[in-house]
Amino acid sequence: MKIPLRYQMSEYDCGPTAMLNAVSYLFEREDIPPELIRNIMLYSLDCYDKNGVSGKRGTSCAAMMFLSNWLNGFGSIGQLSVSSSYLSGEHVFLGSSSLVEDALRRGGAVVARVLHDVWHYILLTGVEGDNIMVFDPYYQQEPFAEAPDVQMVFDQPYRCNRIVPRERLNRQSLTLYAFGPTETREAVLLFNEKTKLTAEQTVEYMI
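The sections below set out a description of the structure shown in this document.

Secondary structure summary: the protein contains five helices and seven strands in total. On C-alpha atoms alone, the protein measures out to a radius of gyration of 16 Å, which is about the 17 Å that the 2.2 N^0.38 rule sets for 207 residues. Projected onto the principal axes, the alpha-carbon positions of the protein cover approximately 45 × 40 × 35 Å. Residue burial in the protein is summarised as follows: out of 207 residues, 52% are buried. The contacts of the protein with a sequence gap of at least 6 include a subset with a gap of at least 24, amounting to 60%. Carbon and sulfur atoms form 54% of the exposed surface of the protein, whose accessible area is close to 10200 Å². Taking the average location of the 18 positive side-chain charges in the protein and that of its 25 negative ones, the two points are 2 Å from each other.

Before going further, it helps to examine the packing of aromatic side chains. Counting across every chain of the model gives six aromatic pairs. For the ring pair Y7 and F135, a centre distance of 5.1 Å and an interplane angle of 50° mean the geometry is tilted. Linking Y7 in the segment before α1 (14-26) with F135 in strand β4 (residues 131-135), this pair joins segments that are 128 residues apart in sequence. Assessed through its relative accessible area of 31%, Y7 is described here as partly exposed.

Summarising burial for strand β3 (residues 118-128): eight of the eleven residues are buried, a large majority. The turn joining strand β2 (residues 109-116) and β3, which pair antiparallel and follow one another in sequence, is formed by one residue; a positive phi near 70° is taken by D117. Here β3 folds back onto β4 in antiparallel fashion, the turn holding two residues, of which G129 has a positive phi close to 65°.

Attention now goes to the layout of surface pockets. Roughly 520 Å³ of volume is contained in the largest pocket. Forming the walls of the largest pocket are 19 residues, and the residues nearest its centre are E11, R57, V118, W119 and H120. Secondary-structure elements contributing two or more residues to the lining of the largest pocket are β2 and β3. Looking at which element gives the most residues to the lining of the largest pocket, the answer is β3, with four residues.

Criteria and cut-off values
Residues numbered from 1 in each chain as written. Predicted model: local features only at pLDDT ≥ 70, side-chain atom pairs only at ≥ 80, totals over all residues. Heavy atoms only, no water. Helix = DSSP H or I, 4+ residues; strand = E, 2+ residues; numbered from the N terminus. Rg over C-alpha atoms; globule rule 2.2 N^0.38 Å. Buried < 20%, exposed > 50% of the residue type's maximum accessible area, 1.4 Å probe, protein only. Contact = heavy atoms within 4.5 Å. Areas by Shrake-Rupley, 256 points an atom, 1.4 Å probe, with all protein chains shown as cover. Lys, Arg positive; Asp, Glu negative; His and termini not counted. Charge placed at Lys NZ, Arg CZ, Asp CG, Glu CD. Phe/Tyr/Trp six-rings, centres within 6.5 Å; stacked < 30°, edge-to-face > 60°. Pairing = 2+ DSSP bridges. 1 Å grid on protein atoms, 1.4 Å probe; cavity = no way out; pocket = protein on both sides within 12 Å on 5 of 7 lines; lining within 4 Å. Points joined across faces, edges and corners; volume = space filled by probe spheres on them.

Keep in mind these numbers describe shape, not what the thing actually does.
Written as structure tokens, this is what we have:
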């Protein structure tokens, strides 16, 4: 059974929440091992704020890279049919030759780092035309006055709560939901290997 995607419990846990949501999106609840949940929480929230308080600057890029590698290894030993890869810099963009968009069109999920007042992790779950389906773990019901092109979604709890234009995510400027400058970009691609579509099955979208 699939379960609704969840919201972060604090101002800081967007990273582990987005990763857990990726797993929830891809797998049935009954198939998810407790070790996976434990390790996502164990390896995240590793940044210290200016006062030296652990976790109050959220989750680092290094921790997300480590989690991606750990998940890929976890899948390779047969614990769960999960695979993962970590992208950074110029490889993080949306478009016809994008690994991020390819993953979404092949049934995968993508945890991406974007701007949301501060750097913030969200889940990308699909593509519809020029728009990307997004689940933002930061709870908000009101539309964004500064981003009228971002649609709020309230009736798809298993998939998304925002619809964000591809163009907005691709921006290099420090604006809401932008990937931002090339050198700061980061994304984790995740697949359920049992439901992952092949390149041949998705070739039509590139024609």
